[in-house]
Amino acid sequence: MSGWERVRPSRSRLGLNFQRGENGTSSSRTVRLGRVQPQAPGHRTIYLNDREANQIVRFKGNSISTTKYNVLTFLPKGLFEQFRRVANLYFLMISILSTTPISPVHPITNVVPLSLVLFVSLVKEAFEDWKRFQNDMAINNSLIDVLQDQKWERVPWKKLQVGDIVKVKQDGFFPADLLFLASTNADGVCYIETANLDGETNLKIRKALERTWDYLAPEKASEFKGEVQCEQPNNSLYTFSGNLLFQKQTLPLTPNQILLRGCSLRNTEYIVGAVIFTGHESKVMMNAMNVPSKRSTLERKLDKLILALFGGLFIMCLIGAIGSGVFIDRKYYYLGLGESVENQFNPSNRFLVATLTMFTLITLYSTIIPISLYVSIEMIKFIQSTQFINKDLHMYHIETNTPALARTSNLNEELGQVEYIFSDKTGTLTRNLMEFFKCSIGGDVYGTGLTETEKGGAQRSGIKIEEAQKSANTAHEKGFNFDDARLMLGAWRNEPNPDSCKEFFRCLAICHTVLPEGDESPEKITYQAASPDEAALVTAAKNFGFFFYKRTPTMIYVRESHAEKMGKIQDVAYEILNVLEFNSTRKRQSVVCRYPDGRLVLYCKGADSVIYERLADVNNDLKKSTRQHLEQFGSAGLRTLCLAYRDLSSNIYESWNEKFIQAKSSLRDREKKLDEVAELIEKDLILIGCTAIEDKLQEGVPSCIETLSRAGIKIWMLTGDKMETAINIAYACNLINNNMKQFIISSETDEIREVENRVSRISYLACFYLSKLHALSKMQVKKELKKCLEEAQHYFHVVSGPKSALIIDGKCLMYALDPSLRGMLLNLSLNCSSVVCCRVSPLQKAQVTSLVKKGARKITLSIGDGANDVSMIQAAHCWHWNKWAGRNASRNGYASLSKKYPELYKEGIRNAFFKWRVVGIWAFFSFYQSLIFYHFVTTSSSKGQNSSGKMFGLWDVSTMAFTCVVVTVNLRLLMICNSITRWHYISVGGSILAWFIFIFIYSGVMTPYDRQENVFFVIYVLMSTFFFYLTLLLVPVVALLGDFIYQGVQRWLFPY
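The written sequence of each chain sets the order in which its residues are numbered from 1. Local features in a predicted model are, by the rule used here, given only for residues with pLDDT of at least 70; side-chain atom pairs are given and counted only at 80 or more, and totals for whole chains, interfaces and linings are based on all residues. Side-chain measures here rest on the full set of heavy atoms in the structure, leaving out hydrogens and waters.

Asker: Mind showing me how you'd approach the packing of aromatic side chains here?
Answerer: Stacked, edge-to-face and tilted are the three classes for Phe, Tyr and Trp ring pairs, Trp counted by its six-membered ring, which pair at centre distances within 6.5 Å; planes under 30 degrees apart are stacked, over 60 edge-to-face, the rest tilted. The final tally for this structure, using the stated rule, is 37 aromatic pairs. Relative to Phe 480, the ring of Phe 436 lies with its centre 6.0 Å away and its plane at 20°, an arrangement referred to as stacked. Separated by 44 residues along the polypeptide, Phe 436 in strand 15 (residues 430-441) and Phe 480 in strand 18 (residues 480-482) bring together distant segments of the chain. Burial here depends on accessible area, computed with a 1.4 Å probe over protein chains only, as a share of the maximum for the residue type. Under 20% is buried, over 50% is exposed, and the range in between is partly exposed. Relative accessible area serves as the criterion here: at 0%, Phe 436 is assigned to the buried category. Put simply, DSSP marks the helices as runs of H or I at least four residues long and the strands as runs of E at least two long, and each gets a number from the N terminus on.

Here's what the structure looks like:
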């Protein structure tokens, strides 16, 4: 169902479409008495498997529409869109004037071209909207199994209603937002793919409530009756608050029980769910904005050009009108200006004469602004997108059988003017293929080998390195590329810290949400994880001898080798009491488990910044050495996590668990309350060590970035990684090199650290020190920005000065984006060839992109592949949503010529082909050519005669002049072409030939209604004279002589 591509939130504006519809309210149980009680606006009540009860509320249907128009709005809305263009408004005014008596031309000469332009544009809009309509129909008419009369009936999606029980089969899409009830998998779990929501291809795990597992067969499911009290429809993809009232129990619902519309079912035969939100109230649709009407820079510039041309036209007409009012007089008897003459030519009222002549001249001179220009531009852009972009083999991705798809032709030219590219790191510059590479346990580093980042850094430093040979016992599988015999095959028991090693391995094997699949053997088992990092860590535990092979909702089973003594293998069941899940705010994950012997342990893994804040004040030497190892791993481009644990007493745990259950059952602010409860137990942790995972670079990324840099495109890397990791990845990608002057603005200064330490230790003075920290940090950032800007400007003005790069972390960026410092940050950034922002949040990514887009007024492009990139993508002019970002960028960015000579792209960035200077030059030469046409043709024809001895008249001279114009203009177009193919000859020759065919027919036919009798046979008379051929040969040559000289001087002396 490729139609789901259209409703990805990556192409929408997250957070701007929150709605509270009338149908969000529902009745209480008193509906059975025929009365509808008002419901609190904060939640809705849904009766599952009870259509009759839900009908009173009138929830929205499941049919969707993503079209821009409908039958009633197409013409008014479509015409409004067309008349947003200044040119179309101008042509409409001219068409109206041409229908009045003062017009010297027939209305058809203006009305028909305008109608043609509007018709072509509306047909193009209708075609694009028809595609959207077909896509909507395909989705709305997709079939789904719905429970009716104790059996599954196939019905279209659009007929689904809130509260219906549905069955979704493997590889099928969820037709609405569903409450997950039961699955064919053991333990009530299913696997879903959310690529249409966030671009992530890793399978996610969803788990039904244990009380609903049995409602799988249609006979059993028909007995299911429950009531859901949940939040109103909203656009938050990752949160859900609600309760299921079932069998006199209140069961809390979390996002783990919600299956969102647009996701697909994987590795599960089928699931049974209940419809919660339908149609435009589903979360994915609430994230999808109406189709925007975007206008390119070219169109906006054309509007300004049209206004400038109209200004010139108005002045010409005003001069002519004033002249007409001043010089008109009855003494010119041959003009026939008698008493009965019409008002436009009555000398008795000169003001009226000037006014009416003004409108007449505007109509007469209207061809100065060519309506054909817009027709040509529309057709060129439409053909370019449908025939060239969509069918370009260089933009075809073989692995996924995905061609390029231009969804609109309105912004084609923007792609040739991109000056700034904003890119995420993980999954975009890197492959998102994680491998366990090194670790630190109890203060000792384990693992050998060099990362790609280290190799790239060594090469740039001119250091020749030889990688050590891998040991014979090295195990290498997907997710595990670790080489160190000290930890393999139970050898860790001989290490100085075997107990720490054991806790380390158990933390890896227990603290996760991974689900095992397949046979319970190390060789055949596969792990389904929410992220490749988690899968890599569990795979590492398996290779270290702690094999996680089975999970139930309350138990984890681990086959431990050599844990108690060398050679002993035992299956250990750990009871999982609580899971405190990872999110972008917490940046950590914890599991509370009970050992078979009754020991209660909290295992926690997460970012070093959050783990270190929660460590007990013991073993400071271990903390210090582990922090050094974290910096060492980060410098090698590795992704790090810290591991810690805490032993719990029964009293502490029971007291905390009561608070946890209350928070989990809360209908309001559940996430916030859960985070607050988690803080109560995630403290006084004992540090075990840290892991280091390598995310390999995408194929071809370094060469791609080098090519883009040569093309004049500046690349900014916006990542959440540590500064050391980000810098080394930037080195490996050719984004930064040793020849660059690097400006590093970091919050890791002695002054800031001192205040941070005081804040963490003196709670009662925290507010005071926190304000001091903010003030100090802002002052320090301002000082660094000013210093770096002065130095950067110095290098910028020195011809031989090195290129510069800016590296800034999230904390400093927070202050640098303050309105008082924003301008300084922008100036510094624009003076740098590369910018690396590390430790940044999704919001900061969007703010940085908007800063360049709005502050520098440059064309921007954002590239990302995850939900955290959505804001950044929406902030840019153009975007590229990737599933294979790096490979696509390196293969598909340029045609072969641009790859060989990327400097050619700079002309687009400089806007060299369409700027006011270019317009001025064309206007100058057009004025020169107009003088040549007029004087040469009129002077040469003043004494000319036709074959019958008559002098040339008005129609002879004007036809001769226009013939010269047609030939000259087409030859001028041929002169500006950098390459000439047979199509150029066909179009230029065809245009000239078309004029002669037209004039032959037009001047050869006369009707009784034709007032211009003198045009009859004019071209035949002209072509019978020597004057015609001599003029046709000389006038274009003289008219183009100026262009020829200017173009020759420019190409020889000023080629760039």
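So, next bit.
Asker: Quick question: what am I supposed to make of the pattern of salt bridges here?
Answerer: Where charged atoms from two side chains of opposite charge come close, those side chains can pair. Whenever Lys or Arg places a side-chain nitrogen within 4 Å of a carboxyl oxygen from Asp or Glu, that contact is recorded as a salt bridge. On inspection of all chains with the given rule, the structure shows 36 salt bridges. Of the charged contacts, one joins Glu 128 and Lys 124 as a salt bridge, the two residues approaching to 3.9 Å between their closest N and O atoms. Note that Glu 128 and Lys 124 are positioned in helix 4 (residues 108-140) at a spacing of four residues, about one turn of the helix. Residue Glu 128 shares its accessibility class with Lys 124, and that shared class is buried. Of the charged contacts in the structure, one is a salt bridge between Lys 169 and Asp 145, with a shortest N-O distance of 3.9 Å. In this pair, Lys 169 sits in strand 4 (residues 165-169) while Asp 145 sits in strand 2 (residues 143-148), placing the two residues 24 residues apart along the sequence. For Lys 169, a relative accessible area of 44% corresponds to the partly exposed category.

Asker: Even after reading the chapter, I still don't get a nonpolar patch on the surface, so can you show me in this structure?
Answerer: Each patch is assembled from residues with relative accessible area greater than 30% and no salt bridge, linking like charges that lie within 9 Å and nonpolar side chains (Val, Leu, Ile, Met, Phe, Trp, Tyr) that lie within 5 Å. In these tables, accessible area is a Shrake-Rupley quantity obtained with a 1.4 Å probe, and a residue counts as shielded only by the protein chains included in the view. A cluster of nonpolar residues, Leu 1041, Phe 1044, Ile 1045, Val 1049, Trp 1052, Leu 1053 and Phe 1054, forms a patch on the protein surface that exposes about 850 Å² of accessible area. Mapped onto the fold, Ile 1045 is located in helix 33 (residues 1026-1053). Taking relative accessible area as the criterion, Ile 1045 reaches 48% and is therefore assigned partly exposed.

Asker: Could you clarify how one ought to interpret the environment of Ser 521 in this entry?
Answerer: Within the secondary structure, Ser 521 is located in the loop between strand 19 (515-517) and strand 20 (526-528). For the pair Ser 521 and Phe 547, spaced 26 residues apart in sequence, the C-alpha separation works out to 8.8 Å.

Asker: Any chance you could explain the packing of helix 23 (residues 819-830) against helix 24 (residues 842-856) here in plain terms?
Answerer: Packed helices, taken two at a time, are described by the angle between their axes plus the distance between the axes. Taken N-terminus to C-terminus, the directions of helix 23 and helix 24 make an angle of 90°; their axes are 11 Å apart at the nearest point. By the angle between their axes, helix 23 is roughly perpendicular relative to helix 24. Contacts between helix 23 and helix 24 involve Arg 822, Leu 825, Leu 826 and Leu 830 on the former and, on the latter, Leu 851, Val 852, Gly 855 and Ala 856. Residue polarity follows a fixed list, in which Ala, Val, Leu, Ile, Met, Phe, Trp, Tyr, Cys and Pro are nonpolar, Asp, Glu, Lys and Arg are charged, and the others, Gly among them, are polar. Partitioned by chemical class, the residues of the contact of helix 23 with helix 24 number six nonpolar, one polar and one charged. Here an axis means a line fitted to C-alpha atoms, over the contact stretch when the element is a helix, while the angle between two N-to-C directions is reported on a 0 to 180 degree scale. Note on terminology: angles under 35 degrees are roughly parallel, angles over 145 are roughly antiparallel, angles of 65 to 115 are roughly perpendicular, and the others are oblique. Throughout, a residue-residue contact means that at least one pair of heavy atoms, one from each residue, lies within 4.5 Å.

Asker: What should I look at first to understand helix 16 (residues 650-665) in this one?
Answerer: What a helix should span is 1.5 Å times the count of its residues minus one. Compared with an ideal rise of 1.5 Å per residue, which puts 16 residues at 22 Å, helix 16 spans 22 Å between its outermost C-alpha atoms and is within 8% of the ideal. The elements touched by buried residues of helix 16 are strand 23 (569-580), strand 24 (588-594), strand 25 (600-606), strand 26 (638-648) and helix 17 (670-681).

Asker: Hey, could you run me through the sheet that holds strand 7 (residues 204-207) in this one?
Answerer: The strands that make up a sheet are held in pairs by hydrogen bonds between backbone atoms, and each pair lies either parallel or antiparallel. Pairing between strands requires that DSSP locate at least two bridges from one strand to the other. Ordered by their spatial adjacency, three strands build an open sheet running 7-6-12, and the pairing between neighbours is antiparallel. Of all the strands in the sheet, just strand 7 and strand 12 (264-266) have a single pairing partner and so form its edges. Strand-to-strand twist in this sheet, taken as the mean axis angle between neighbours without regard to direction, amounts to 45°. Where strand 6 (residues 189-193) lies against strand 7, four bridges are found, and the strand directions are antiparallel.

Asker: Is there a simple way to explain the UniProt feature "binding site: Mg(2+)" (unreviewed entry) in the protein chain in this structure?
Answerer: UniProt positions are given in the numbering used here, feature names are shortened, and annotations may be inferred rather than shown by experiment. What UniProt calls "binding site: Mg(2+)" (unreviewed entry) maps, in this numbering, to Asp 424, Thr 426, Asp 865 and Asp 869. Relative to the elements of secondary structure, Asp 424 occurs in the loop between strand 14 (420-423) and strand 15. The term polar contact refers here to a pair of N or O atoms within 3.5 Å; inside protein, the definition further demands a hydrogen-donor-capable atom paired with an acceptor-capable atom, and it admits residues adjacent in sequence only when both atoms are side-chain atoms. A polar atom in the side chain of Asp 424 sits 3.2 Å from the side chain of Lys 845.

Asker: I'm lost on the pairing of strand 26 in this one. Help?
Answerer: On a regular strand, each side chain points to the face opposite its neighbour's, so the side chains alternate between the two faces of the sheet. Among the 11 residues that make up strand 26, nine are buried, leaving the element largely enclosed by the rest of the structure. Where strand 26 meets strand 27 (residues 686-697), eight bridges bridge the pair, whose relative direction is antiparallel. The residue bridging Thr 640 from the neighbouring strand is Ala 692, located in strand 27.

Asker: Any chance you could explain the environment of Leu 429 here in plain terms?
Answerer: Its location among the elements puts Leu 429 in the loop between strand 14 and strand 15. When the C-alpha positions of Leu 429 and Asp 695 are compared, they lie 9.7 Å apart, and in sequence the two are 266 residues distant. Not counting residues within four places of it along the chain, the set of residues in contact with Leu 429 comprises Ser 423, Asp 424, Leu 697, Gln 698, Val 701, Ile 705, Met 717 and Cys 733.

Asker: Before we go on, may I ask you to explain the sheet that holds strand 13 (residues 270-277) in this structure?
Answerer: Across the sheet, which stays open at both edges, the six strands sit in the order 3-2-4-13-5-11 with antiparallel pairing between neighbours. If you trace the sheet from one side to the other, it starts and ends with strand 3 (151-156) and strand 11 (258-259), each paired once. Direction of pairing for strand 4 relative to strand 13: antiparallel, over a ladder of five bridges. Looking at strand 13, one finds that Val 166 is bridged to Gly 273.

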